[in-house]
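The lines below spell out each chain.
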Amino acid sequence: MKRILLTIVLLVGLSAYSFTAKDSLSSFTFQRLAMLEDFDCDACGCSASGGSMGFSSMLNNNFVGVRYFKQSYTSRDGIFNNSPWIDENFNTVQAWARIPITQKIQISALVPYHFHERELTSGTESIAGLGDITVMGLYSVYETKKDSTLFTHKINLGAGVKMPTGKFAEANNLGSINQSFQLGTGSWDYLLVSEYVIKKNNLGLNTMLNYVFKTENSKNYQYGDQFNYASTLFYLFNLEALQLVPQLGLAGEVYQTNKQHGLDLPDTAGDILFGKFGIEVGRDKFSLGINAMLPINQNLSSGKMEANYRWGINLNYTL
């Protein structure tokens with residue numbers, strides 16, 4: 001945990017370094033790179049589907065689109081230390097959008113469809129269906145005037161709700177270390193988001209912090225609250241017919257202990273730090289993005305579960 005806290009301090013300190021600027025980008029913008037992380041839950045927290053893959057396009061401020069992402073885990077098939085290790089794959093196809101309401105206010109939405117599978121010692125188990133829908137509002141509380149400074153700053157705050165539209169099945173958790181093999185949490189969960197972006201010409205750094213408050217569902221099961229943080233360095237290359245935006249950064253997740261009937265469940269808390277990298281390509285009003293995440297350090301479910309990798313691809317249309 002000390003390593004996680006130290007990482008947060010370094011990332012926030014770097015992004016808060018006092019710069020200020022002029023925006024000389026093309027018609028595409030990337031002011032909200034990686035704005036919202038993990039709003040469809042994750043490894044220790046619920047139905048694995050968000051996975052720090054981010055919610056914003058690097059090139060499109062306001063957009064509608066679709067994306068696919070995959071998360072790979074290895075976990076114990078049982079609650080004992082000598083239980084065999086199994087492979088688990090979480091797949092999600094998501095419709096996502098960011099729609100402007102006013103100059104300072106935007107509404108964001110995620111509508112996921114999951115198809116997960118895991119290789120148990122008794123055979124393959126699969127589940128598929130609609131996941132939990134997330135809706136949230138974002139407000140720009142501060143933005144540097146583009147023609148007055150060398151560096152530009154932007155601060156966004158947001159709040160939202162994740163609705164229990166995905167099915168939660170108690171049987172999926174019985175005897176399983178990974179309590180995330182679900183289509184949804186079965187609970188109403190609430191989100192708080194903060195983001196700080198600093199840019200100089202085509203170079204920028206995005207730092208994000210958010211917190212997910214999770215409530216008890218109708219089966220008396222409550223996933224632990226989740227804290228997420230990330231910092232991403234990005235650069236815009238303006239080519240003759242295309243825009244390219246490579247990105248490189250860190251992302252972390254901290255999960256509190258799950259509860260059932262108000263009692264703490266063992267081996268359900270954890271934390272993980274990822275390295276993340278990717279690229280997005282834009283032409284006219286369309287953009288295509290590919291990104292991946294690899295764990296740097298992790299302690300999930302007392303070491304009884306390991307994240308292997310995450311990757312995603314998205315296609316967006318600018319509004």
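These numbers were taken from a predicted model, which means no experiment stands behind them. (Residues numbered from 1 in each chain as written. Predicted model: local features only at pLDDT ≥ 70, side-chain atom pairs only at ≥ 80, totals over all residues. Heavy atoms only, no water.)

1. Comments concerning the overall build of the protein
- For the protein, the count of helices and strands is 1 helix and 17 strands.
- Split into buried and exposed, the 319 residues of the protein put 55% on the buried side.
- Of the contacts made within the protein by residues no fewer than 6 positions apart, 66% connect residues no fewer than 24 positions apart.
- Working note: accessible area of the protein is about 13,500 Å², and carbon and sulfur atoms make up 62% of it. (Helix = DSSP H or I, 4+ residues; strand = E, 2+ residues; numbered from the N terminus. Buried < 20%, exposed > 50% of the residue type's maximum accessible area, 1.4 Å probe, protein only. Contact = heavy atoms within 4.5 Å. Areas by Shrake-Rupley, 256 points an atom, 1.4 Å probe, with all protein chains shown as cover.)

2. Here we look at the environment of Ala109
- Along the chain, the position of Ala109 falls in strand β3 (residues 105–120).
- With a relative accessible area of 24%, Ala109 lands in the partly exposed category.
- Taking the C-alpha atoms as reference, Ala109 lies 7.4 Å from Ile133; in sequence the two are 24 residues apart.

3. With respect to the pairing of strand β15 (residues 270–283)
- Burial analysis of β15 places 10 of its 14 residues in the buried class, the great majority of the element.
- With 13 bridges joining them, strand β12 (residues 243–255) and β15 adopt antiparallel strand pairing. Residue pairing for β15: Glu253 is matched across the bridge by Ile272.
- Two successive antiparallel strands, β15 and strand β16 (residues 286–300), enclose a turn made up of 2 residues, where Asp284 displays a positive phi of approximately 55°. (Pairing = 2+ DSSP bridges.)

4. As for unusual backbone geometry
- Of note in this structure, Asn220 is not a glycine but carries a positive phi near 65°.
- Along the chain, the position of Asn220 falls in the loop between β8 (203–214) and β9 (221–222).
- You will see that Ser302, though not glycine, has its phi angle at about 55°, which is positive.
- As for its placement among the helices and strands, Ser302 is situated in the loop between β16 and β17 (305–318).

5. What about the packing of aromatic side chains?
- Per the counting criterion, the structure on display carries 12 aromatic pairs.
- Relative to Tyr223, the ring of Phe168 lies with its centre 6.2 Å away and its plane at 85°, an arrangement referred to as edge-to-face. Pair noted here: Phe168 is in the loop between β6 (152–162) and β7 (189–200) and Tyr223 is in the loop between β9 and β10 (226–235), with a separation of 55 residues, a long-range link. In this structure, Phe168 and Tyr223 share a single accessibility class: buried.
- Look at Phe227 and Tyr229: their rings are 6.0 Å apart centre to centre, the planes differ by 35°, and that puts the pair in the tilted class.
- On the basis of relative accessibility, which here comes to 2%, the residue Tyr229 falls in the buried class.
- Joined through ring pairs, the aromatic side chains of Tyr68, Phe115 and Trp311 make up one cluster.
- For the cation-ring pair, Arg67 lies above Trp96, with the distance from its terminal atom to the ring centre recorded as 4.3 Å.
- Directly above the aromatic system of Phe181 lies the positively charged group of Arg118, at a separation of 4.0 Å from the ring centroid. (Phe/Tyr/Trp six-rings, centres within 6.5 Å; stacked < 30°, edge-to-face > 60°. Lys NZ or Arg CZ within 6 Å of the ring centre and 35° of its normal.)

6. Details of the confidence of the model for the protein
- Per-residue pLDDT for the protein has a mean of 83; in total, 80% of the residues score no lower than 70.
- The low-confidence segment residues 1–38 (pLDDT under 50) makes 146 contacts with residues lying over four places distant or belonging to another chain.
- In this model, residues 43–51 is a region of pLDDT below 50 whose contacts with residues beyond four sequence positions or in other chains number 65 contacts. (pLDDT = per-residue confidence, 0-100.)

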